[in-house]
Amino acid sequence: MSNIVTYIQSESDLELLKRLRIDLAILAMRPFARDGISFDEGLKLIRLATASGTSISLEMDKIYTQNEFEIFKDDLKKLSFEMIASLRVADLGVAKYIMEFYPFVKLELWTEAIGSNVTALIEHERYFGRHLSTLILSLQLSKSQLANFCTNISTDKELLVLGRIPIFYSPRHLLTGRSDADWMEVAMASSEETPHSGFSVVENKNGTLMYNPKDIFLVDKLSELMLMGVERFRLDLRHLKFDELEKLLPKVVSSVKDGGDSDCLKKEYPRKVISGYYNANKSDVLFAKLKNPNLIRDDSIYIGYVVSSLKGKYLAIVVDGEYSLKIGEQVKFVTPEGKTVKLAIGTLYLADGNNVLTVAEGVCFTGHIKGISAKSTVSIQRF
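Treat the numbers as computed from the prediction; the structure is a model and nothing was measured. (Residues numbered from 1 in each chain as written. Predicted model: local features only at pLDDT ≥ 70, side-chain atom pairs only at ≥ 80, totals over all residues. Heavy atoms only, no water.)

Chemist: Residue-level account of the sheet that holds strand E21 (residues 362-366), with values.
Modeler: Strand order across the open sheet formed by 6 strands is E19-E18-E22-E15-E16-E21, with antiparallel pairing between neighbours. Two strands in the sheet have a free side with no partner beyond their single neighbour: strand E19 (340-344) and E21. The mean inter-strand angle of the sheet, taken between neighbouring strand axes irrespective of direction, is 30°. When strand E18 (residues 330-334) meets strand E22 (residues 377-380), the two strands line up antiparallel, connected through 4 bridges. Looking at E22, one finds that Lys 332 is bridged to Ser 379. (Pairing = 2+ DSSP bridges. Helix = DSSP H or I, 4+ residues; strand = E, 2+ residues; numbered from the N terminus. Axes fitted to C-alpha atoms, helices over the stretch in contact; angles between N-to-C directions.)

Structure follows, in structure tokens:
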């Protein structure tokens, strides 16, 4: 089934795809992918897949520094391109290099960094031309945006419809600080400013990745996506155990091929799921939930915010509201943690040291106030 593509990490995964007649598999291997199996294991799977009639799309979603790019070019020479159907590239510099020096290889371009800019995608489509076979669309698109993309883009489109949602990547090693050898470190993360928790954090030689606590589930939207013009559906189930994968994958194939019961599949799925941005672009609603409620400003009384604090010396305040900051005026400070301090301003001076009576805009200073930290809001105290 060429309209389903999923990852393989072992011979067992490859055998399962053969049984289900999925003839295209994604292989993520070091040093090309952010999260993948070893180079030697990958080469072995490529040979086995070729022998079994399964096409391989090689993941290259790393972003390279100049030094890493030189190593990448050497590693590229070790690949047998006659056994690779396409390269899935995130770095535009890498995509340009492959187009120039490996023009016989099909390019599949990750567009997560481009997001909802359809004009940019059309330009990439024009630039890479016949070398570009697929655009891998961002998950941060609503149903209407996806329809607009599919209307304006002629290149085949791919979308993740089931699996884990990557929300952050850094080439830095944020858990251990080490970068000397191959390893993997897994941790759970939570937010200090909101109730959100359960983020899976994975660190390996290529950096640190963070995943949403819930997985994307758009299997119940497949008919709509097909009508829009999405040609291929990606599954990323690498975080599941093989017995879970073996149980779930046939039902996903049934949903795609025969319109199987997606509600039953959703109930049996071992993790909580969401539909993401698909149903509607609710970013305006979500933004309020993501913000620290203690720092939400009330413009009817807002003066500014604390930008810096030095114990025993000063508070630096940026005045950027409708009201001025004045000597002797009663004000209210609210810290990011929710602590409230009410007092009258005793001193007020500018960066040049000159004392002033009032500041209408810009940076000013007052005496240090115990417990007030950077980002605290400053407002008029009304009785």
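Structure's up, so let's keep going.
Chemist: Could you give an account of helix H8 (residues 242-258), naming the residues involved and the relevant values?
Modeler: Counting along an α-helix, one turn takes 3.6 residues, and residues three or four places apart therefore face a common direction. Between its first and last C-alpha, H8 extends 24 Å over 17 residues, near the 24 Å set by a 1.5 Å rise per residue. The sharpest bend along H8 measures roughly 25° and falls at Leu 248, with the proline Pro 250 sitting one to four residues further on. Within H8 the residues assigned to the buried category are Leu 245, Leu 248, Leu 249, Val 252, Val 253, Ser 255 and Val 256. Looking at the buried side of H8, the elements it contacts are strand E1 (4-7), helix H1 (11-19), strand E7 (156-163), helix H7 (222-228), strand E13 (232-236) and helix H9 (262-268). (Expected span 1.5 Å × (residues − 1). Bend = angle between axes of the 7 residues up to and from the residue. Buried < 20%, exposed > 50% of the residue type's maximum accessible area, 1.4 Å probe, protein only. Contact = heavy atoms within 4.5 Å.)

Chemist: Can you tell me about the packing of aromatic side chains, naming the residues and giving the values?
Modeler: Scanning the model with the defined rule gives 13 aromatic pairs in all. Ring geometry for Tyr 64 and Phe 72: centres 4.9 Å apart, planes at 45°, overall tilted. By relative accessible area, Tyr 64 is classed as buried at 13%. Centre to centre, the rings of Phe 69 and Phe 72 are 5.7 Å apart; their planes meet at 20°, and the pair counts as stacked. In this pair, Phe 69 and Phe 72 are both assigned in helix H3 (residues 66-76), 3 residues apart and thus about one turn of the helix distant. You'll find Phe 69 and Phe 72 in the same group, each marked buried. One aromatic cluster in this structure is built from Phe 32, Phe 39, Tyr 64, Phe 69, Phe 72, Phe 81, Tyr 97, Phe 101, Tyr 102 and Phe 104. The ring of Tyr 211 has Arg 164 lying over it, and the distance from NZ or CZ to the ring centre is 4.3 Å. Stacked on the ring of Tyr 7, the Lys or Arg Arg 238 has its end atom at 3.8 Å from the ring centre. (Phe/Tyr/Trp six-rings, centres within 6.5 Å; stacked < 30°, edge-to-face > 60°. Lys NZ or Arg CZ within 6 Å of the ring centre and 35° of its normal.)

Chemist: Can you break down the environment of Tyr 314 residue by residue, with the values?
Modeler: Within the element layout of this structure, Tyr 314 appears in strand E16 (residues 314-319). For Tyr 314 and Lys 18, which are 296 residues apart along the polypeptide, the C-alpha to C-alpha distance reads 69 Å. Those residues in contact with Tyr 314 that lie beyond four places of it in its chain are Ser 308, Ser 309, Tyr 349, Phe 365, Thr 366, Gly 367 and His 368.

Chemist: Explain the nonpolar core to me, and be specific about the residues and the numbers.
Modeler: One finds Phe 32, Met 60, Leu 76, Ile 98 and Leu 225 to be the most contacted residues of the largest nonpolar core, which totals 75 residues. With 6 residues, the top contributor of residues to this core is H8. For Leu 76, the residues in contact, after removing those within four places along its chain, are Phe 32, Met 60, Phe 81, Tyr 97, Ile 98 and Tyr 102. (Core = buried A, V, L, I, M, F, W, Y, C linked by side-chain atoms within 4.5 Å.)

Everything listed is a geometric property; what it means functionally is a separate question.
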